[in-house]
Amino acid sequence: MSNKDSIIHSTILGTSRKRATAALLAFWTSVVDSDDDDDNVIVSQQLLTTREHGESKRVCIKNYVAIVESYSLDDFRKHFRLTKMSFEEVLIKIGDKLSMASSVHHTGRPGNDAKTQLLVGLWILANQESYRTVADRFDLTISTAWCYFRKVWPKNESQRQCFSTEFRKRQGFPNVIGAIDGTHIPIVAPHNMANSYINRNKYYSIVLQGVCNARYKFIDCYAGKVIN
């Protein structure tokens, strides 16, 4: 058994539920990338906590924000795609707005601080993770992770209204701001985490997704690995 396997095994033994074991393994396989080994080893050594959701339980990372605070300047930049100094500048500009918007959570619980909300939003922008894995990483509900992303993401209501009006005039469709489609770009199987790049047609690829406005102009593009 390798050192990494030993860490995973000991972490699993520390949880008391079969569901926790399955969730941890699912989380591990969904977030590991070839350049993220150090981060995931750190995560695997942390105490895990279970979050109630109806009759089911999710295994979440406990206090991941504290782990982020221990990152070196270079590691922070790699994970969030901006420097710590830039992060602090953004936090100063929008921190008050984030705090005011979530002083009380919709469930009645106190909301997370502005720093946590900004970290969640930036993580979603900078990494190829689903809302489920982001919620597990930051010990949130999936809906809360989505709300934090929406609050951090820039809003331009006038532009959206312009796109919608143009779609209605040209195509007759109301309340549409973009046409979306995607395609698979075949690649040679990577040496690390090859299974993450197998698509539903059983060949290795990366996904290219595009969104166009009514004038056939791309307004958003995304390229990344397959998320099954």
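In the block above lies the structure referred to throughout.
Summary of the structure given here. Bear in mind that the values here come from a model prediction, so they are computed numbers and not experimental data. (Residues numbered from 1 in each chain as written. Predicted model: local features only at pLDDT ≥ 70, side-chain atom pairs only at ≥ 80, totals over all residues. Heavy atoms only, no water.)

## Considerations on helix 8 (residues 131–138)
Each α-helix winds once per 3.6 residues, and so residues spaced three or four apart point in a common direction. The following threshold applies: Only protein chains enter the accessibility calculation, which uses a 1.4 Å probe. A residue is then buried if its area is under 20% of the maximum for its type, exposed if over 50%, and partly exposed in between. Strands here mean DSSP runs of E at least two residues long; helices mean DSSP runs of H or I at least four residues long; both are numbered from the N terminus.
For helix 8, a buried count of six out of eight residues is recorded, marking the element as mostly surrounded by other parts of the structure. Among the residues of helix 8, those classed as buried are Thr133, Val134, Ala135, Asp136, Arg137 and Phe138. Two residues or fewer after helix 8 comes Asp139, characterised by a positive phi angle close to 55 degrees.

## Brief notes about the pattern of salt bridges
Put simply, the test is: When a carboxyl oxygen of Asp or Glu lies within 4 Å of a side-chain nitrogen of Lys or Arg, that pair is called a salt bridge.
Taken as a whole and judged by the stated rule, the model has six salt bridges. Put simply, Glu69 and Lys115 hold a salt bridge, and the shortest N to O gap is 3.0 Å. Pair noted here: Glu69 is in helix 4 (residues 64–69) and Lys115 is in helix 7 (residues 114–126), with a separation of 46 residues, a long-range link. Owing to a relative accessible area of 26%, Lys115 belongs among the partly exposed residues under this scheme. Beyond isolated ion pairs, a larger network of salt bridges with shared partners links Asp74, Arg77 and Lys78.

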